Amino acid sequence: MAVIVVSNREPYAPSVQDGRVTWTPSIGGLTSALDPVMQREGGTWIAWGEQHPELGHADLPPAAPRYRVQRLALSGDEVQRYYHGFSNGALWPVSHYFVERAQFRADEWAAYRAVNARFAQAAIDAYRPGDLLWVHDYQLALVPGLLRAALPGARIGFFWHIPWPAQDVFRTLPWDRELLSGLLGADLIGMHTAAYARHFQDACERTLGIETGPGTVAVDGRTVRIEARPIGIDVGAFETLAAAPETAERAGRLRDNLRTLVLLAVDRLDYTKGIPERLDAFEAFLDAHPRARGRVSLVQIAVPSRERVEAYLQLRQQVEGRVGRINGRFSRDGWTPVHYVFRGLDREELVAHYRAADAMLVTPLRDGLNLVAKEFAASSADGVLLLSRFAGAAGEMPGAIEVNPYDRDGLAERLLAALRMPLEEKKARLDGLRRHLRDSDLRTWTQRFLHDLAGPDLLPAALLDL
Ligand code: GDG
């Protein structure tokens, strides 16, 4: 038995220099979650070959190949309509409650269907009886249905990484029925929170008129399970990196350069992450507390994202306008209130930032889960986590200070409380958070999902001791 993973993003991205190809693991949770299990089990990973599609399929990891990445080459038109169009211009905003930003276009929906069919066909070609199929995320919602039609007896899992919105929001999608039916091709559907799973069941009842039970939906004589399974992180990897002497040195240098208390925020530059609202709250904080001026700095790491979508270009202007305004208003005596970094950091640099921060601001307007919050909690020695009540992770992380990103003045006051928190309380909160993270680590997440998908009789032995 082998595992077949189907995802939009490829696990390793190739780069070519002087005719030599180097494969680098892609940034993000999916590669860290699934690469280890693929390395153990072998199998096939089907993904869009975004970089250098001409290279075709690859056996990875490069040093000791264990599984095959089947790289689909998408045309410019497919990328535009399927990825930037329907996935990121319709499904993403609706799922995050930004209905007014969504654009519903029939040609983009047609491209979404066609590209989902290409992914499904590649998985069908790779499939051998007994294999486990695991499809990921909102770009590929129709794939489980297509797989089920072609492979009625297959075991198909799906994980939805973003929020599932309340029914009145979901039903704004003109193709709500098709999306639901597509997903219901799976045997097991995972979501980050119980609320998302409930919303999904609501949609099945009200849009499709299907009966649901506790955590189940009955369809075509099959029972589909819908479960809350929040993704974890590789806690050990973050703890080890955070404790390394080089990290302490880097963190020390960062703090020496700033010479103030450090507030940190790390996000893809996305309108769901609440970056302008956070900057407004920081400005309100500086207005309300003149003594904080010169003593507190905000470091905002904004990772470039989806730059071909108009809304994202506008967001960048909005954010940079605010950074300029705050720095223009408050900078003095060599102190700059906002340090704005518009690029991704490497893992070591990222963890050094987590380590240097007195408080971490994770304040999305809406977020499926939010891995940054978990990574900070695993890396920090004595920092405070402020976490939006609209991040899926909030329910799991009571050790964080809960904030409402829409409440500018409230958020400003919470900042002050975080910076004044006694050391023992900070440490106690981090200890509690870390205990939970260890119990729900990434390997456990992957192992449990595949275990439950396979059923005990079919479980590959190696999955037991991942
Ligand atoms: C989607 C859902 C859900 C970020 N900046 C740098 C960097 N990162 C890494 C982080 C983290 C990942 O990217 C971001 O994950 P998030 O969960 O915060 O957000 P999304 O990208 O929106 O992810 C989200 C997730 O899927 C998983 O299901 O939690 O809700 O939206 O791992 O560390 N990594 C490096 N440099 C950076 O500058 N190396």
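For the protein, the name recorded in an unreviewed UniProt entry is Alpha,alpha-trehalose-phosphate synthase [UDP-forming]/trehalose-phosphatase, with Deinococcus metalli as its organism.

Once that is clear, we can look at the environment of Gly213. When you line up the elements, Gly213 lands in strand S10 (residues 212–213). Along the sequence, Gly213 and Ile226 sit 13 residues apart, while their C-alpha atoms lie 9.9 Å from each other.

Right, let's get into helix H9 (residues 245–258). The terminal C-alpha atoms of H9 lie 20 Å apart, and with 14 residues this matches the ideal 20 Å at 1.5 Å per residue to within 8%. A positive backbone phi angle near 55° is found at Arg259, which sits one or two residues after H9.

All right, on to the site of the ligand then. Around the ligand sit 22 residues in total, of which His161, Gly344, Gly368, Leu369 and Leu371 are the nearest. Secondary-structure elements contributing two or more residues to the shell around the ligand are strand S13 (261–268), strand S14 (296–303), helix H12 (347–356) and helix H13 (371–379). If you tally residues by element for the shell around the ligand, the top one is H13, at 3 residues. Among the residues making up the shell around the ligand, the classes are represented as 11 nonpolar, 6 polar and 5 charged.

The next point concerns the packing of helix H8 (residues 235–243) against H13. For any two helices packed against each other, one specifies the crossing angle of their axes together with the interaxial distance. Interhelical geometry of H8 versus H13 gives an angle of 50° and a closest axis separation of 8 Å. By the angle between their axes, H8 is oblique relative to H13. In this structure, the crossing between H8 and H13 has a hand that is right-handed. Residues Val235, Phe238, Glu239 and Ala242 of H8 pack against Glu375, Ala378 and Ser379 of H13.

Here the focus is the packing of helix H3 (residues 106–126) against helix H4 (residues 143–150). Contact geometry of H3 with H4 gives a least axis separation of 9 Å together with a crossing angle of 45°. Taken together, the axes of H3 and H4 lie oblique to each other. Remark: the crossing between H3 and H4 carries right-handed chirality. Contacts between H3 and H4 involve Asn116, Ala117, Phe119, Ala120, Ala123 and Ile124 from the former and Val143, Leu146, Leu147 and Ala150 from the latter.

Our focus in this paragraph is the environment of Leu146. With respect to the helices and strands, Leu146 occurs in helix H4. Overall, Leu146 belongs to the buried group, with 22 C-beta atoms counted inside 10 Å. C-alpha separation for the pair Leu146 and Tyr312, spaced 166 residues apart in sequence, amounts to 32 Å. When near neighbours in sequence (up to four residues on either side) are disregarded, Leu146 contacts Asn116, Ala117 and Ala120.

So, about the sheet that holds S14. Remark on secondary structure: sheet strands pair via backbone hydrogen bonds, oriented parallel or antiparallel. The strand order across the open sheet formed by 6 strands is S15-S14-S13-S16-S17-S18, and the pairing between neighbours is parallel. Each end of this open sheet is capped by a strand with a single partner; those strands are strand S15 (338–341) and strand S18 (401–403). Averaged over all pairs of adjacent strands, the angle between their axes in this sheet comes to 20°, without regard to strand direction. Note: S14 against S15, 4 bridges, orientation parallel. Counted as the bridge partner of Gln300 is Tyr340 from S15. Its contacts with the sheet place helix H10 (residues 275–288) against S13, S14 and strand S16 (359–362), and it is angled at close to 170° to S14. Contacting S13, S16 and strand S17 (384–388), H13 crosses the sheet at an angle of about 165° to S17.

The subject of this paragraph is the nonpolar core. Ranked by internal contacts, the top residues of the largest apolar core, which has 138 residues, are Val6, Leu133, Ala373, Leu385, Leu386 and Leu387. Residue contacts for Leu387: discarding those within four places in its chain leaves Val362, Ala373, Ala393, Ala394, Met397, Ala400, Ile401, Glu402 and Val403.

What counts and how
- Residues numbered from 1 in each chain as written.
- Predicted model: local features only at pLDDT ≥ 70, side-chain atom pairs only at ≥ 80, totals over all residues.
- Helix = DSSP H or I, 4+ residues; strand = E, 2+ residues; numbered from the N terminus.
- Expected span 1.5 Å × (residues − 1).
- Near = placed C-beta within 6 Å.
- Nonpolar A, V, L, I, M, F, W, Y, C, P; charged D, E, K, R; others polar.
- Axes fitted to C-alpha atoms, helices over the stretch in contact; angles between N-to-C directions.
- Parallel < 35°, antiparallel > 145°, perpendicular 65-115°, else oblique.
- Left-handed = near helix turned anticlockwise from the far one by under 90°.
- Contact = placed C-beta atoms within 7 Å.
- Buried ≥ 20, exposed ≤ 12 C-beta atoms within 10 Å, placed from the backbone.
- Pairing = 2+ DSSP bridges.
- Core = buried A, V, L, I, M, F, W, Y, C linked by C-beta atoms within 7 Å.

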